[in-house]
Amino acid sequence: MPMPLTTARLTLMPWSLATEAYKDGLVTAWDDPEVWRYVGAGRDGFTRADLDGALERAAERGSLDDELLVVRTSDDTVLGTCGLYPSSVDGGDPDETDLGYRYGRLSWGQGYGLEAAAEVMRWAVEEWGLNRVGSNAQTPNVASHRILRRLGFTFTETRAVPKDPTRTTDWYVWTA
């Protein structure tokens, strides 16, 4: 996917088009423990080394441009990421594709998450030809559950988080 996707307020850019400034913007957006509160076992912050390692792992999987950098078009502010992932990254079925997203606190509560996810789902269907997409959100993450339900995902089950079995994540599926 060489071209970015666009919505009324957002540009969703593949990593191959992301500048160093955009990468630094993502580190700034994600260097907040609240951003990681419902991700895996959580973490205290996020560094450029963390980002570089994640990008390297995605490149090794061949999925680097399946995760899109979400940028607010009006002022070029990096808000987070949204994209498609092998479900196995989160402990799911290796033959399935999941929708995933993570945003910095600056963008919370403004509808950007739903807007970006809806565009990625359009891309999943029209460009990837997918008729089934999974996703998961930690059980207490009310905002993510709301996005998934609004996109037409259906709850399927609750599982322990692989890296922290004291936490649970709710799995969803969307089918055409």
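Bear in mind the structure is a predicted one, so any value in this text is a computation, not a measurement.

**Describing the overall build of the chain**
Phase 1: A count of helical and extended segments in the chain gives four helices and eight strands.
Phase 2: Put simply, the chain runs from its N terminus to its C terminus through helices and strands in the order β-β-α-α-β-β-β-α-β-α-β-β.
Phase 3: Its C-alpha atoms put the chain at 40 × 35 × 35 Å along the principal axes.
Phase 4: Residue burial in the chain is summarised as follows: out of 176 residues, 47% are buried.
Phase 5: For the chain, restricting intrachain contacts to residue pairs at least 6 apart in sequence, the fraction spanning at least 24 positions comes to 58%.

**What to know about the environment of Glu-34**
Phase 1: Tracing the chain through its elements places Glu-34 in the loop between α1 (20-30) and α2 (48-61).
Phase 2: In the structure, Glu-34 is positioned 10 residues away from Asp-44 in sequence and 8.3 Å away in space, judged by C-alpha atoms.
Phase 3: Discounting chain neighbours no more than four positions away, the residues touching Glu-34 are Arg-105 and Trp-108.

**What about the packing of aromatic side chains?**
Phase 1: One pass over the full model with this rule turns up six aromatic pairs.
Phase 2: Geometrically, the ring pair formed by Trp-36 and Phe-46 is stacked, given 5.3 Å between the ring centres and 20° between the ring planes. Of the two residues, Trp-36 is situated in the loop between α1 and α2 and Phe-46 in the loop between α1 and α2; the sequence distance between them amounts to 10 residues. Judged on exposure class, the residue Trp-36 and its partner Phe-46 are both buried.

Criteria and thresholds
Residues numbered from 1 in each chain as written. Predicted model: local features only at pLDDT ≥ 70, side-chain atom pairs only at ≥ 80, totals over all residues. Heavy atoms only, no water. Helix = DSSP H or I, 4+ residues; strand = E, 2+ residues; numbered from the N terminus. Buried < 20%, exposed > 50% of the residue type's maximum accessible area, 1.4 Å probe, protein only. Contact = heavy atoms within 4.5 Å. Phe/Tyr/Trp six-rings, centres within 6.5 Å; stacked < 30°, edge-to-face > 60°.

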